[in-house]
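Secondary and tertiary structure notes
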Amino acid sequence: MSDELCTKIILQHFGPLTATVANALLTRGRLTFPQLLRYTQLKPRTLRSCLLVLIQHNVLWHTTHPDDGAEVVEFNVDECLVRLRFGTFVCLAESILGNPAGEIVQIILDHGKLTPPQIFHHLGVTPSNAKIKLRYTQALHQLVSSRYLKPSTVLSHISPKDKLIQYESEEKAKISGFPTARQLREAKETARGRLKQEEKEAEKIGLKKKPQPQAKTSKRKTMSDMSQDDTVVDDTVYFRVNPEKFAIHLRNELIEKAARERFNEGAALVVRAILKLTENNQFDVSEVKTDPISISNITLHLSSPSDEEKLSSGLIFSSSSSKKISNSTCIKEYIGMLSSADNPTSQGSAAKFLSTTRASSGRGGGGGKIQVEFDVIIRRLRRRVLESVAREKYGTEGLRIVRLLLDEGKMDEKQIAKSTLMPPQSIRPLLTSLSSDSLVSTYPVPKTSDRNPTRTFYLWYVDLATAYSTILDKMYKTLFNIYARREEERESGANGMVKKVLEKREREDVREAEERRETWLRENAWLGEAAMKGAEEGLLSEWEREVLSEWARKEEKLTVLETRVQEGVFILKDLGRVFGTGTGSLEEE
Amino acid sequence: MSTTNKRPLNELESRLHQAALATANNELTAKQAEAIIPDNKARQKALNFLLSVGYFRPLSDKKGTVAFRAVSKSELESTKDLTEEEKLVLGHIKTSGNEGIWTKHLKTKTNLHQNVIDRCIKTLTQKKLIKRVPSVQHPTRKIYMLEGVEPSVSLTGGPWYQDNELDTEFIESLTKACFKIIRDASFPQHRRSHHAEGGAGGAGGPALYPISKSPQYPTSQQIRNALKQARLTDIELSIEHIEMLLNVLVLDGEIEKVRGNVMGFGKSFSLFLTGN
């Protein structure tokens, strides 16, 4: 399903020609240039430029075929799906690092990858205006040093799969005798680790550190002379956006939201403070915990009056009417709550947000330091996606069964009926439909050794990996449908009028007239209704405006929907990498 | 056990019969009988008569010691018109107690033909000696037990069943009541209404009790008492029943279980704030 979605994305972002190329690659796997020519039936020149565009935008890997040395290209699905999040990236960069950073990120996203001089060129920054140039250079430096941008290396264009297979077979060759499943898994892990290490190394070289020439590749020889705290941005390195770094912001937002839902605003505030304070050392969503941080540090961060007000209003002390509760006491209470200190059971520890390290370095009184438990939280977030799907499709009854099976493991129908207090005759069809959605699976336990299906018990359980991947598939399908719907609305909404009106609006004279009208209306807003009458006619009729606003409303609805689905995809796919898998597939849980 | 020689019991015989009925299980061993009537001949005669009339039934355990089980007069009256087969069937139904017995099991135990069993059951039911009881677990089985015996919980399914069907509405109303009790105890009073309306969507979300002064979360016993006071139902609910309801709420993600407070007895349930 993600294949069709990728084609749609490419179609929307790059147009129909590239979409045919993408489609051919997605349906047929890696292809050589002549093969592509045949399947796409494009002219060689067109195809070549299509490939160039896609490679420039990091959507294609290329590699030499191990057998005959022919050059083949391969589609990078993950990179393509990340494109859906580009808008968020720009927004995040703007809100975190300011407008110049946002502009830089946008320019880079528009062009795939760029060197610093190219960025400045596209932004229209000339060396003559030193002040503006400085602002952008600083923003760029900040983006690179905090890894919002990463250098584009040779390795990032080569499909990692060949190497992975090669490393894996190397590891497997080391195993003597018949390999066990565990050894095979370990071999896979080592291979993956080695690949990741290599990538890291490559990116480190690309990073600009210190003005001294590196003779690794011919690409970078000269260094920028703009020096800031002994590191500078290497002018010759191509930079691209690092989705991983942006992903941590998305993740942190989700965690904060979860804390707000579970407890209240005050608790969310504390979580946000901890995440914010440790943000600089979070690079990857696969981290298990944040750095430990002391309570006094958090208190210091949350000392503004509005924060204090929020913190204290969220707690009810029985005798609080007379004396004021200090801020640090409140924070300690919240931390206790967030780390499930009142529930030292296994359920309690599965529901915690924070943990306390006991290994405090000799400083008594303050206790240990606080960490955010990403691993635990993400596990819960993912489970919550599963539960909400169950609730949405099968109501509380479905949710009850799924939760029971998640908690208790494998069970048969009668046990389920007993624990959930539901009549068996309503459980049976529910289980069948749940299993058709892969939310639950059956586990056969044969009564006899011949494994005859008629003499077999079937126990129900939740196979998390299958359930998650099915949900993810459905989400991609939904995204695809949203795209299709949007296209349909634009192409033939209101009997095709939307398209015509949109085209008309794009005309030079119409746009100017409309802009004039807008400014006039804004300036004379105090006139109220009268302003409408007095306004210039513009070149769009009343009816055309209605069509436009109707279309905009639909567009907005679709976008909101898309954002929600995206959130689910993010939790299931990107955060799923925590549990293994370097290349973001869902094969292991 | 013919009823031909009908005469009332003589003194010795009735003494034996009374003594047997007086014991806990209506049984009398040969030794006990000896104590009552020391004379060998008289005892033998009395026992033989009692056995022939049907007031006594011979029993023997594994070790071979002989004992007698007394049959009360009324019991004898009701069964005296029955055929041997009917008595056999009735005996098995009787031993099944309040669990009842399935006709299929009856068949294997008695080794009688199905038709015979059916006929026996029919006459026994007509005489109001046995009754058919529905089973919750096996709705299709024909299960019989003695008239006047209350069916066991495993047959009726306990308080959750009404006319052999799970009373989902009843369960739902009770779980809601439990949830309300727990919610009221878990959240501070004056902000609760706010929470009930808008959920966590309110301005700052609900205010909470601080953890150091956490409220006394209700135990299942307390919830039981509260439900009793609220007079929601006439059916007596045990702690186990309440815990079944609470487990359903836990499964629904509405509440969560907390380790019992200070003293560590009883289970507390606390609210799982919003279905996280």
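Conventions and cut-offs
Residues numbered from 1 in each chain as written. Chains lettered and ligands numbered in written order. Predicted model: local features only at pLDDT ≥ 70, side-chain atom pairs only at ≥ 80, totals over all residues. Heavy atoms only, no water. Helix = DSSP H or I, 4+ residues; strand = E, 2+ residues; numbered from the N terminus. Buried < 20%, exposed > 50% of the residue type's maximum accessible area, 1.4 Å probe, protein only. Contact = heavy atoms within 4.5 Å. Areas by Shrake-Rupley, 256 points an atom, 1.4 Å probe, with all protein chains shown as cover. Salt bridge = Lys/Arg side-chain N within 4 Å of Asp/Glu carboxyl O. Pairing = 2+ DSSP bridges. Axes fitted to C-alpha atoms, helices over the stretch in contact; angles between N-to-C directions. Phe/Tyr/Trp six-rings, centres within 6.5 Å; stacked < 30°, edge-to-face > 60°. pLDDT = per-residue confidence, 0-100. Parallel < 35°, antiparallel > 145°, perpendicular 65-115°, else oblique. Left-handed = near helix turned anticlockwise from the far one by under 90°. Nonpolar A, V, L, I, M, F, W, Y, C, P; charged D, E, K, R; others polar. Expected span 1.5 Å × (residues − 1). Arc of directions from axis to C-beta.

1. Some words on the overall build of chain A
For chain A, the helix and strand inventory stands at 25 helices and 9 strands. Across the 589 residues in chain A, those meeting the buried criterion constitute 47%. Taking the contacts inside chain A whose residues are at least 6 apart along the sequence as the reference set, 63% of them involve residues at least 24 apart. When the accessible surface of chain A is split by element, carbon and sulfur atoms take 52% of a total near 30,200 Å².

2. Considerations on the pattern of salt bridges
Residues and elements named next belong to chain A. Counting across every chain of the model gives 34 salt bridges over all chains. Glu 256 is the salt-bridge partner of Arg 260, the closest N and O atoms lying 2.9 Å from each other. Note that Arg 260 and Glu 256 are positioned in helix α12 (residues 243–262) at a spacing of 4 residues, about one turn of the helix. In this structure, a network of salt bridges that share partners links the residues Glu 256, Arg 260, Glu 265 and Arg 272.

3. Let's talk about the sheet that holds strand β5 (residues 130–133) of chain B
Residues and elements named next belong to chain B. If you walk across this open sheet you meet the 3 strands as β4-β6-β5, and the pairing is antiparallel. The open sheet terminates on both sides in strands that have one partner only, identified here as β4 (101–102) and β5. One ladder, built from 4 bridges, connects β5 with strand β6 (residues 143–146); its direction is antiparallel. From the neighbouring strand, Ile 130 faces β6, where its bridge partner is Leu 146. Running over the sheet, helix α5 (residues 84–95) touches β4, β5 and β6 and is turned about 85 degrees from β6.

4. Remarks on the packing of aromatic side chains
Residues and elements named next belong to chain A. Using the criterion set out here, one finds 5 aromatic pairs over all chains in the structure. Pairing Phe 263 with Phe 353 gives two aromatic rings, centres 6.3 Å apart and planes at 65 degrees, and the pair type is edge-to-face. Of this pair, Phe 263 sits in the loop between α12 and α13 (265–277) while Phe 353 sits in the loop between α17 (346–350) and β6 (354–357), and the two are 90 residues apart along the sequence. The interplanar angle of 85 degrees and the centroid separation of 5.9 Å between the aromatic rings of Tyr 443 and Tyr 461 together place this pair among those described as edge-to-face. Of this pair, Tyr 443 sits in strand β8 (residues 441–446) while Tyr 461 sits in strand β9 (residues 456–461), and the two are 18 residues apart along the sequence. Exposure remark for Tyr 443: the relative accessible area of 38% places this residue in the partly exposed category.

5. What about the pairing of strand β3 (residues 66–70) of chain B?
Residue and element names in this part refer to chain B. One ladder, built from 3 bridges, connects strand β1 (residues 27–29) with β3; its direction is antiparallel. Looking across to β3, one finds that Leu 28 is bridged to Phe 68. Pairing of strand β2 (residues 56–60) with β3 involves 5 bridges; the strand directions are antiparallel. Following the sheet pairing, Ser 60 is matched in β3 by Val 66.

6. Side note on unusual backbone geometry
Located in the positive-phi region is Ser 438 of chain A, a residue other than glycine, with phi close to 60 degrees. Residue placement: Ser 438 of chain A occurs in the loop between α20 (424–436) and β8. Even without glycine at this site, Lys 128 of chain B takes up a positive phi of about 60 degrees. Within the secondary structure, Lys 128 of chain B is located in the loop between α7 (114–126) and β5.

7. Looking at the confidence of the model for chain B
Interpretation of the predicted coordinates at a detailed level should be avoided for regions scoring low in pLDDT. Residue and element names in this part refer to chain B. Scored by pLDDT, chain B has a mean of 75; 82% of the residues are at 70 or more. Ranking the helices and strands of chain B by mean pLDDT puts β4 first, with 88, and helix α10 (residues 192–198) last, with 39. Note that pLDDT drops below 50 for residues 261–267; the model gives that stretch 9 contacts with residues more than four away or on any other chain. Segment residues 271–276: pLDDT under 50, and 27 contacts once partners within four positions in sequence are set aside and those in other chains are kept.

8. Things to note about the sheet that holds β2 of chain B
Residues and elements named next belong to chain B. What the 3 strands build is an open sheet, ordered β1-β3-β2; its pairing is antiparallel. The open sheet has two free edges, formed respectively by β1 and β2, since each of these has just one partner strand. Averaged over all adjacent pairs, the angle separating strand axes in this sheet is 30 degrees, with direction ignored. On top of the sheet, helix α1 (residues 11–22) reaches β1, β2 and β3; it is set at about 115 degrees to β1, its chief contact. This element, helix α3 (residues 40–53), spans β2 and β3 of the sheet and lies at about 105 degrees to β2.

9. As for the side chain of Thr 18 of chain A
Residue and element names in this part refer to chain A. Relative to the helices and strands, Thr 18 resides in helix α2 (residues 16–28). Thr 18 gets classed as buried once you look at its relative accessible area, which sits at 4%. In this view, Thr 18 contacts Ile 10, Cys 50 and Leu 54; residues no more than four positions away in its chain are not counted.

10. A word on the packing of helix α21 (residues 464–492) of chain A against helix α25 (residues 542–574) of chain A
All names here are of chain A. Running from N to C, α21 and α25 point in directions that differ by 160 degrees, and their axes come no closer than 10 Å. As summarised for this structure, α21 and α25 are arranged roughly antiparallel, according to the angle between their axes. Here α21 runs over α25; the crossing is left-handed. Classifying every residue of the contact of α21 with α25 by side-chain character gives 14 nonpolar, 4 polar and 8 charged.

11. Concerning helix α23 (residues 508–523) of chain A
All names here are of chain A. Between the first and last C-alpha of α23 there are 23 Å, a value that for 16 residues agrees with the 22 Å anticipated at 1.5 Å per step. Among the residues of α23, Val 510, Ala 513, Glu 514, Arg 517 and Leu 521 are the ones counted as buried. Viewed end-on, α23 has its buried residues packed into an arc of 100 degrees, placing them on one side of the element. Facing away from the buried surface of α23 by more than 90 degrees, the exposed residues are Glu 508, Glu 515, Arg 522 and Glu 523.

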